[in-house]
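One-letter residues, chain by chain:
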Amino acid sequence: MLNKITLKSSLKSLLEIPKQVQRRFGENKKYQSIVEFIIKQKYDDDNYSLPTIKELEQITGLKHYQLNKYFIEMYNSIVDDEINFEYNIEKTEIYFLISHNKTYSSFKCNNLSYIPKVGDNFTLPFLRAKFNFDMFYVYDVHHNFIDDLHRIDIILKQGLFNSFWHHRLDEAKFKNEISIMDLINLNEADIREKLGYRRY
């Protein structure tokens, strides 16, 4: 069952993509006051709180029923699969995130011509001093759209990729043999031991 789209839910969603909203609706006078409100907000600010309906009415000069109608119209115009909405990406940022035995490192990578996929192996000699090894594999790749930014997080684990272990780990997660907290708090050797395998 699909969630019902409401004024509040559409407001939150549109606040996440102010540049897309401006590009899509900036020339439409019907939505002008809403667009102006959205692009002035700092929604990623930790202290941000959503305005009340009364505050929205005062800011935009629109009545409650208009706000409800326009916000939902705007949101549907973006997510409706029968409407040709173009999501505009201005830049891509790629980050490598490494963790092993509660030791962490990360670095941003520019001009990468190929996006690594799960299972790719890496040799990163500059990390040897910190981790005591330099061979890693791609454990996961996460893509995130942050308005006009495409952020790609590439999570690396120690060692060489083992397809059996990767599938076994997926099976253990599916069967609840290990929990989310196990994945956060335990290193790979501890998880292997918990699942009945030798640590190394």
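Here, every reference points to the structure presented above.
Structural notes, computed from the coordinates.

1. Describing the packing of aromatic side chains
Any pair of aromatic rings gets described here by the distance separating the centres and the angle formed by the planes.
At step 1: Taken as a whole and assessed by the stated rule, the structure comprises 13 aromatic pairs.
At step 2: Judged by centre distance (5.9 Å) and plane angle (85 degrees), the ring pair of Phe131 and Phe136 falls under edge-to-face.
At step 3: Judged by relative accessible area, Phe131 falls into the buried class, the value being 5%.
At step 4: For Phe136, a relative accessible area of 0% corresponds to the buried category.
At step 5: Judged by centre distance (6.4 Å) and plane angle (85 degrees), the ring pair of Phe164 and Tyr197 falls under edge-to-face. Taken together, the positions of Phe164 in helix H7 (residues 163-174) and Tyr197 in the segment after helix H9 (188-194) put the pair 33 residues apart, joining distant regions of the chain.
At step 6: Classification of Phe164 by relative accessible area gives exposed; the value is 54%.
At step 7: Residue classification places Tyr197 among the partly exposed positions, given a relative accessible area of 30%.
At step 8: Site record: aromatic cluster; members linked through ring pairs are Phe96, Phe107, Phe122 and Phe126.
At step 9: Residue placement shows Arg151 over the ring face of Tyr95; its charged tip is 4.0 Å from the ring centre.
At step 10: When the ring centre of Trp165 is taken as reference, the NZ or CZ atom of Arg192 above it lies at 4.4 Å.

About the cut-offs
- Residues numbered from 1 in each chain as written.
- Predicted model: local features only at pLDDT ≥ 70, side-chain atom pairs only at ≥ 80, totals over all residues.
- Heavy atoms only, no water.
- Phe/Tyr/Trp six-rings, centres within 6.5 Å; stacked < 30°, edge-to-face > 60°.
- Buried < 20%, exposed > 50% of the residue type's maximum accessible area, 1.4 Å probe, protein only.
- Helix = DSSP H or I, 4+ residues; strand = E, 2+ residues; numbered from the N terminus.
- Lys NZ or Arg CZ within 6 Å of the ring centre and 35° of its normal.

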